[in-house]
Amino acid sequence: MDSVGGGLRAVVARLRARGHTLEQIKRASDNGQLAVGPIESLLDTDEGRHSLKEAARETGLDPDLIRRIYAAWGLGSPSLAALSDEDLQMLKYQAAILKAGFPLPAFLQVQRVYGQAMAQIADAEVRLFHLYVHEPLMREGVPGVQIAEEMEGLTRDTLPFATPLMDYLHGRFLAHFVEQDVIGHMEADLDDQTPQEGRLRVAIAFADLAGYSRLTVERGDEEAVGAVERFVEAVEQSLPPDARVIKTLGDEVMVVGSDASALTGWAVDLQSGIASGEPPPRIGVHYGQALYRDGDYYGQDVNQAARVVARAAGGEVLVTRPVVDIAATVDGLEFHRIGEVGLKGFSEPTELFIASGSSG
């Protein structure tokens, strides 16, 4: 089956299943809304010719494990109906990793992180391409055939650079986190604070914008989202070397680092650097142990950090006693005790402090 024709037939079948008539689909095609066919030829993959049973025999992987790998990648069972030569080779790579002694629980977590990260990358590429290339051409009234040709040309020119960029970033970040891991092990040994298996001792910060909901009402969604984008960019550009953004949810950012002093100093500096007219962030910082799974952090101490930020006012940095115990002697930081505060979901009160600069 021709890959372009097959892809378009799948799109048409999906649209028909959703109740769209052939006339509506034809009109959309003429308007350039379905001008993706030529691009599919650039993304062509081998046709499936291997069964799951064959793949298991060729790779030495149990069929159930292959299913778990594909589920971790986010590809699901339909992808296993007919496996291509490329699929088979990739499974052989995974078999080699396991044969080398990589523990299965960690292996599956890594596969899940890869799948989620690549899905997010591909989704962003397609949606941004649609928003900033495809739709402007449609609004200009460019004929569907010309839209398809221009989109194919742009894709052909840019696609070859995606893989080298991902390889480059992976190498850079891998070196960075190996260094941080070595430092973390040394400090844990010196402090005799080795955490439980599967857990890491980390500083956790949650930050969000005070009054964000009101901002959406008063200034509209576009302005509110713009404020969030500027806020997240300010966070990313100012973080200490050992810290990184773990995730964002709406206007909230979760940051994890190894150094509670550095993360607190960052939070105080971030507050002082917010431009006039921007909604003030509120930040909560806690230090403790977190369960590490699939590239994310979980557990009671993470929940506690999230509850701390909920008690902060706009422009405030609230921290817990473990943070103060570490950062109290750091030049440039001061801590004002608020008292013991009840946090939602915690039976025992939490001692909270306002962190500020020495001159604050």
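In this text the structure is predicted, and so the values were computed from the model without any measurement. (Residues numbered from 1 in each chain as written. Predicted model: local features only at pLDDT ≥ 70, side-chain atom pairs only at ≥ 80, totals over all residues. Heavy atoms only, no water.)

Here's the deal with the packing of helix H6 (residues 85-99) against helix H7 (residues 104-139)
Phase 1: Interaxial distance between H6 and H7 falls to 10 Å at its minimum, and their mutual angle equals 145 degrees. Viewed along their axes, H6 and H7 form a crossing whose handedness is right-handed. Within the contact between the two elements, H6 uses Gln94, Ile97 and Leu98 and H7 uses Leu104, Phe107 and Gln111.
Phase 2: The residue inventory of the contact of H6 with H7, partitioned by class, reads four nonpolar, two polar and no charged. (Axes fitted to C-alpha atoms, helices over the stretch in contact; angles between N-to-C directions. Helix = DSSP H or I, 4+ residues; strand = E, 2+ residues; numbered from the N terminus. Left-handed = near helix turned anticlockwise from the far one by under 90°. Contact = heavy atoms within 4.5 Å. Nonpolar A, V, L, I, M, F, W, Y, C, P; charged D, E, K, R; others polar.)

Details of the environment of Gly211
Phase 1: Take Gly211: it is sitting in the loop between strand E1 (199-209) and helix H10 (212-219).
Phase 2: Taking relative accessible area as the criterion, Gly211 reaches 28% and is therefore assigned partly exposed.
Phase 3: Residues Gly211 and Ala313, spaced 102 residues apart in sequence, show a C-alpha to C-alpha distance of 9.7 Å. (Buried < 20%, exposed > 50% of the residue type's maximum accessible area, 1.4 Å probe, protein only.)

A closer look at the packing of aromatic side chains
Phase 1: Evaluation of the coordinates by the stated rule reveals two aromatic pairs.
Phase 2: Aromatic side chains Tyr292 and Tyr297 sit 5.1 Å apart centroid to centroid with 70 degrees between the ring planes, which places their arrangement in the edge-to-face category.
Phase 3: Judged by its relative accessible area of 32%, Tyr292 falls in the partly exposed class. (Phe/Tyr/Trp six-rings, centres within 6.5 Å; stacked < 30°, edge-to-face > 60°.)

Focus on the environment of Val225
Phase 1: If you trace the backbone, Val225 turns up in helix H11 (residues 221-238).
Phase 2: Val225 gets classed as partly exposed once you look at its relative accessible area, which sits at 39%.
Phase 3: It is 8.7 Å that separates the C-alpha atoms of Val225 and Gly250, two residues lying 25 residues apart in sequence.

Here's the deal with a nonpolar patch on the surface
Phase 1: There is a patch of nonpolar side chains on the surface, built from Leu165, Tyr168, Leu169 and Phe173 and spanning about 400 Å² of accessible area.
Phase 2: Mapped onto the elements, Phe173 comes out in helix H9 (residues 162-191). (Patch = residues over 30% accessible without salt bridge, like charges linked within 9 Å, V, L, I, M, F, W, Y side chains within 5 Å. Areas by Shrake-Rupley, 256 points an atom, 1.4 Å probe, with all protein chains shown as cover. Salt bridge = Lys/Arg side-chain N within 4 Å of Asp/Glu carboxyl O.)

A short note on the side chain of Ser261
Phase 1: Mapped onto the secondary structure, Ser261 falls in helix H12 (residues 260-272).
Phase 2: Classification of Ser261 as buried rests on a relative accessible area of 13%.
Phase 3: Not counting chain neighbours up to four residues away, the residues in contact with Ser261 comprise Ile326, Ala327, Val330 and Leu333.

Section: the nonpolar core
Phase 1: Counting residues in each nonpolar core, the largest one holds 33 residues, and the members touching the most others are Val235, Val255, Trp266 and Val285.
Phase 2: Those elements that place two or more of their residues in this core are E1, H11, strand E3 (252-257), H12, strand E4 (281-293), strand E6 (317-320), helix H14 (321-327) and strand E8 (350-357).
Phase 3: With residues up to four places along the chain from it excluded, the contact list for Val285 reads Ile204, Ala205, Leu263, Thr264, Ala267, Val308, Val317, Leu318, Val319, Thr320 and Val323. (Core = buried A, V, L, I, M, F, W, Y, C linked by side-chain atoms within 4.5 Å.)

Describing the confidence of the model for the chain
Residues shown with low pLDDT carry predicted positions that ought not to be read at fine detail.
Phase 1: Averaged over all residues, the pLDDT of the chain equals 82, while 83% of them reach at least 70.
Phase 2: Highest mean pLDDT in the chain belongs to E6 (94); lowest belongs to helix H3 (residues 37-42) (56).
Phase 3: Scored below 50 in pLDDT, residues 1-5 shows eleven contacts in the model against residues more than four places distant or in partner chains. (pLDDT = per-residue confidence, 0-100.)

Digging into the pattern of salt bridges
Phase 1: Scanning the entire structure with this criterion turns up eleven salt bridges.
Phase 2: Its salt-bridge partner being Asp64, residue Arg67 comes within 2.7 Å of it at the nearest N-O pair. Of this pair, Arg67 and Asp64 both sit in helix H5 (residues 63-73), three residues apart, roughly one helical turn.
Phase 3: Its relative accessible area of 40% is what places Arg67 among the partly exposed residues.
Phase 4: Note that Glu278 and Arg230 form a salt bridge whose closest N and O atoms lie 2.5 Å from each other. Here Glu278, found in the loop between H12 and E4, pairs with Arg230, found in helix H11; they are 48 residues apart in sequence, far enough to count as distant.
Phase 5: Of the residues examined, Glu278 reaches a relative accessible area of 24% and is grouped as partly exposed.
Phase 6: Accessibility expressed as a relative area gives 37% for Arg230, which makes it partly exposed.
Phase 7: Each of Arg321, Asp325, Arg337 and Glu351 takes part in one network of salt bridges that share partners.

Concerning the packing of helix H4 (residues 52-59) against H5
Phase 1: Between H4 and H5, the least distance of the axes is 9 Å, while the angle of their chain directions is 100 degrees. When the axes of H4 and H5 are compared, the pair comes out roughly perpendicular. For the pair H4 and H5, contact is made by Leu52, Ala55, Ala56 and Thr59 and by Pro63, Ile66 and Arg67, respectively.
Phase 2: Here the residues of the contact of H4 with H5 are counted per class, giving five nonpolar, one polar and one charged. (Parallel < 35°, antiparallel > 145°, perpendicular 65-115°, else oblique.)

Regarding a negative patch on the surface
Phase 1: A cluster of acidic residues, Asp221, Glu222, Glu229, Glu233 and Glu236, forms a negative patch on the protein surface.
Phase 2: Topologically, Asp221 is positioned in helix H11.
Phase 3: In this structure Asp221 comes out as exposed when scored by relative accessible area, which is 57%. (Lys, Arg positive; Asp, Glu negative; His and termini not counted. Charge placed at Lys NZ, Arg CZ, Asp CG, Glu CD.)

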